[in-house]
Amino acid sequence: MSVDDAGFPHVRPRRLRSSAAMRELVAEYQVRPADLVLPVFAREGIDEPVAVSSMPGVVQHTRDSLRRAAAEAAEAGVRGIMLFGVPEHKDAVGSAGTDPDGVLQRAIRDVRAETGDALVIMSDLCLDEFTDHGHCGVLDARGAVDNDATLARYAEMALVQAEAGADVLGPSGMMDGQVGHVRRALDAAGRTDVAMLAYTAKYASAFYGPFREAVNSSLTGDRKSYQQDPANGREALRELELDLAEGADMVMVKPGMPYLDVLRRVADAVTVPVAAYQISGEYAMVEAAAEKGWIERERAIDETLLCFKRAGADLVLTYWATEAARRLRG
């Protein structure tokens, strides 16, 4: 820093921090309600919403409560919703995921009927919620996830989700070739209008625990043979290159805060929109610390969202989407 003979600094950055108005005027990044996507869980066979104990404030929705949540999100200025289905019955191949009248397809239609085009309807394209073993694909005779057999199931899922009215499909299983296989299936069916949000860098993280409660997961074992190793950063760029070549319209890094370095590298490498998923464990940690009185809840929430924008995210999937959007609107 430049100083004069008396030892005083010539440059004083604090001048631009002197008031709330000044700080807002010169802010480099901001979060808008339209940047936010609300993930929600639609559960089959319930008459009342069911609280997710590890995620205070989050529920498994009935059809009616889902419609209300979607309408509230749209009213708050949120512009995206990501739907996950929780079926009553599961089997080895996730049949409920390709049933045209399955819980996820009904949820897509319900949100469309409630909100029209006010929300971009995104749907999770994966088998883990629907399989009795809880893995993201079908298993071979040795009990391992069969990559190519799973791709065929994803293509079937894509078509029923598109037919139900999804705007964006989110292939999240981390199968090799999933984006290209689904894109070809959609295009062959004349659904060139449906976009693809690639889960480009989805890590085998310890932070997914509360999500597994939210979807009534049946998982045995782990997903380390197909989700990315947390030790690897460059590998995400390899996955990114493949997803873009296969036709991804948007790309995502998941989890969010533990992988901000990966998010930054992905954002610097592409010209398509980049998403970050603030996952269940991240949500639960903030809520738990706030409940203990250890942090200021709203300030912490807002700071986490801003950090995703600073790291390069264009959109953020967060369970606080509606709440945060209302606060941003003032």
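Scope of this entry: the structure provided in the associated data block. (Residues numbered from 1 in each chain as written. Predicted model: local features only at pLDDT ≥ 70, side-chain atom pairs only at ≥ 80, totals over all residues. Heavy atoms only, no water.)

Focus on unusual backbone geometry
Here comes step 1: Note the cis peptide between K254 and P255, where omega equals -5°.
Here comes step 2: For P255, the location among the structural elements is in the loop between β8 (250–254) and α8 (260–269).
Here comes step 3: At M174, a residue that is not glycine, the phi angle is positive and equals roughly 60°.
Here comes step 4: For M174, a relative accessible area of 6% translates into the label buried. (Helix = DSSP H or I, 4+ residues; strand = E, 2+ residues; numbered from the N terminus. Buried < 20%, exposed > 50% of the residue type's maximum accessible area, 1.4 Å probe, protein only.)

Description of the pattern of salt bridges
Here comes step 1: Counted according to the given criterion, the structure contains 23 salt bridges.
Here comes step 2: With a shortest N-O distance of 3.1 Å, E44 and R106 are connected by a salt bridge. Here the residue E44 occupies a position in the loop between β1 (36–43) and β2 (50–51), and R106 occupies one in helix α3 (residues 103–115), the gap between them amounting to 62 residues. Across the pair, R106 and E44 agree in class, each one buried.
Here comes step 3: In this structure, a network of salt bridges that share partners links the residues E287, R297, E298, D302, E323 and R327. (Salt bridge = Lys/Arg side-chain N within 4 Å of Asp/Glu carboxyl O.)

A word on a positive patch on the surface
Here comes step 1: A cluster of basic residues, R12, R14, R15 and R17, forms a positive patch at the surface.
Here comes step 2: Structurally, R15 can be placed in the segment before α1 (20–25). (Patch = residues over 30% accessible without salt bridge, like charges linked within 9 Å, V, L, I, M, F, W, Y side chains within 5 Å. Areas by Shrake-Rupley, 256 points an atom, 1.4 Å probe, with all protein chains shown as cover. Lys, Arg positive; Asp, Glu negative; His and termini not counted. Charge placed at Lys NZ, Arg CZ, Asp CG, Glu CD.)

Some words on the side chain of Q60
Here comes step 1: On the secondary structure map, Q60 appears in strand β3 (residues 59–61).
Here comes step 2: Within the local environment of Q60, its side chain forms a polar contact with the backbone oxygen of A214, the two atoms lying 2.8 Å apart.
Here comes step 3: Setting aside residues up to four positions removed in sequence, Q60 forms contacts with F41, R43, I46, P49, V50, V52, V86, E213, A214, V215 and N216. (Polar contact = N/O pair within 3.5 Å; in protein donor to acceptor, adjacent residues only side chain to side chain. Contact = heavy atoms within 4.5 Å.)

Side note on the packing of helix α7 (residues 234–246) against α8
Here comes step 1: Interhelical geometry of α7 versus α8 gives an angle of 40° and a closest axis separation of 10 Å. Two packed elements cross with a definite hand, and for α7 against α8 that hand is right-handed. Within the contact between the two elements, α7 uses R234, A236, L237 and L240 and α8 uses V262, R265, V266 and A269.
Here comes step 2: Residues that form the contact of α7 with α8 fall into these classes: six nonpolar, no polar and two charged. (Axes fitted to C-alpha atoms, helices over the stretch in contact; angles between N-to-C directions. Left-handed = near helix turned anticlockwise from the far one by under 90°. Nonpolar A, V, L, I, M, F, W, Y, C, P; charged D, E, K, R; others polar.)

Considerations on the packing of helix α2 (residues 63–76) against helix α11 (residues 321–329)
Here comes step 1: Orientation of α2 relative to α11, taken along the N-to-C sense of each, is 25°, at an axis distance of 8 Å. The orientation of α2 relative to α11 falls into the category roughly parallel. Judged by the twist between their axes, the crossing of α2 over α11 is left-handed. Side by side, α2 and α11 meet where E72, A73, E75 and A76 of the first sit next to T322, A325, R326 and R329 of the second.
Here comes step 2: Classifying every residue of the contact of α2 with α11 by side-chain character gives three nonpolar, one polar and four charged. (Parallel < 35°, antiparallel > 145°, perpendicular 65-115°, else oblique.)

Details of the environment of Q161
Here comes step 1: Structurally, Q161 is set in helix α4 (residues 147–164).
Here comes step 2: For Q161, a relative accessible area of 0% corresponds to the buried category.
Here comes step 3: For the pair Q161 and T98, spaced 63 residues apart in sequence, the C-alpha separation works out to 8.2 Å.
Here comes step 4: Once residues within four sequence positions are removed from consideration, Q161 is found in contact with L104, Q105, I108, S123, D124, L125, A166 and L169.

Points about a nonpolar patch on the surface
Here comes step 1: Together, L16, L25 and V26 make up an exposed nonpolar region whose accessible area comes to about 290 Å².
Here comes step 2: Judged by relative accessible area, which is 38%, V26 ranks as partly exposed.

Description of the packing of aromatic side chains
Here comes step 1: In the structure shown here, the tally under the stated rule is eight aromatic pairs.
Here comes step 2: When the centroid spacing of 4.1 Å and the interplanar angle of 10° are considered together, the rings of Y203 and Y259 count as stacked. In this pair, Y203 is assigned in the loop between β7 (195–202) and α6 (209–214) and Y259 in the loop between β8 and α8, connecting sequence segments 56 residues apart. Like Y203, the residue Y259 is buried in the burial classification.
Here comes step 3: Relative to Y319, the ring of Y277 has its centre 6.1 Å away and its plane inclined at 50°; by these criteria the two rings are tilted. Linking Y277 in strand β9 (residues 274–277) with Y319 in the loop between β10 (315–317) and α11, this pair joins segments that are 42 residues apart in sequence. With respect to class, Y277 is no different from Y319; both count as buried.
Here comes step 4: The rings of F41, F84, F211, Y277, Y283, Y319 and W320 are connected pair by pair, giving a single aromatic cluster.
Here comes step 5: Positioned above the aromatic ring of F211, the side-chain terminus of K254 is 5.4 Å from the ring centre. (Phe/Tyr/Trp six-rings, centres within 6.5 Å; stacked < 30°, edge-to-face > 60°. Lys NZ or Arg CZ within 6 Å of the ring centre and 35° of its normal.)

Topic: the pairing of strand β5 (residues 120–125)
Here comes step 1: Most of β5 is tucked away, with five of its six residues classed as buried.
Here comes step 2: Note: strand β4 (residues 80–86) against β5, four bridges, orientation parallel. Note on β5: the bridge partner recorded for M82 is M122.
Here comes step 3: The β-α-β motif built from β4, the intervening α3 and the parallel element β5 has right-handed crossover chirality.
Here comes step 4: Of the crossover connections in this fold, the one passing from β5 over α4 to the parallel strand β6 (residues 168–171) is right-handed. (Pairing = 2+ DSSP bridges. Right-handed = clockwise from strand over helix to strand, strands pointing away.)

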